[in-house]
Amino acid sequence: MSKIHITVYGAEQVCASCVGAPSSKDTYEWLQAALGRKYDTEVIIYEYVDIKNPPPVEKHQQFAERIIEKDLFYPVVFINDELVAEGIPRLKTIYRALDQYELPLQPAKK
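First, a word on what this report is: a plain description of the structure on this page. (Residues numbered from 1 in each chain as written. Predicted model: local features only at pLDDT ≥ 70, side-chain atom pairs only at ≥ 80, totals over all residues. Heavy atoms only, no water.)

With that settled, consider the environment of Leu 105. When you line up the elements, Leu 105 lands in the segment after helix H3 (91-99). The class of Leu 105 is exposed, set by a relative accessible area of 53%. Here the alpha-carbon distance between Leu 105 and Ile 68, two residues 37 residues apart in the chain, equals 36 Å. Beyond its immediate chain neighbours, meaning those up to four positions away, Leu 105 contacts Lys 38, Tyr 39 and Asp 40. (Helix = DSSP H or I, 4+ residues; strand = E, 2+ residues; numbered from the N terminus. Buried < 20%, exposed > 50% of the residue type's maximum accessible area, 1.4 Å probe, protein only. Contact = heavy atoms within 4.5 Å.)

Below is the structure:
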């Protein structure tokens, strides 16, 4: 099975329209924990991109610029190259997107 890349774009400061929501970094960490409870996450690679200081990777720099210019809600969550959530992500939406990849599930706890 090939690797699945989950990228979360965000900033330390909560987006203006998401006041009261967790920070992007908190969402990134929460997402890893939530996905780890449902899926065998050995095939998932997680990446956090700070939109105010993106790494020197062209696609990250371009998308960070787009978030700022277009005033998108963040965090923004991508699975591979598909945008699956913007603003406050919903687990059901992310699960639905991941289910397309037929990830192995965590074994049921007894």
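After that view, the rundown keeps rolling.
Moving on, we come to the packing of helix H1 (residues 24-38) against H3. In helix packing, the relevant descriptors are the interaxial angle and the interaxial distance, both defined with respect to the helix axes. It is at 12 Å that the axes of H1 and H3 come closest, and there the two elements cross at 55°. Viewed along their axes, H1 and H3 adopt a mutual orientation that is oblique. For the crossing formed where H1 meets H3, the hand is right-handed. Contacts between H1 and H3 involve Trp 30, Leu 31, Ala 34, Leu 35 and Lys 38 from the former and Leu 91, Ile 94, Tyr 95, Leu 98 and Asp 99 from the latter. (Axes fitted to C-alpha atoms, helices over the stretch in contact; angles between N-to-C directions. Parallel < 35°, antiparallel > 145°, perpendicular 65-115°, else oblique. Left-handed = near helix turned anticlockwise from the far one by under 90°.)

All right, on to H1 then. In this model H1 runs 21 Å from its N-terminal to its C-terminal C-alpha over 15 residues, within 8% of the 21 Å that 1.5 Å per residue would give. Listed in full, the buried residues belonging to H1 are Ser 24, Thr 27, Tyr 28, Leu 31, Ala 34 and Leu 35. The arc enclosing the buried residues of H1, seen along the axis, measures out at 135°, which places them on a common side. (Expected span 1.5 Å × (residues − 1). Arc of directions from axis to C-beta.)

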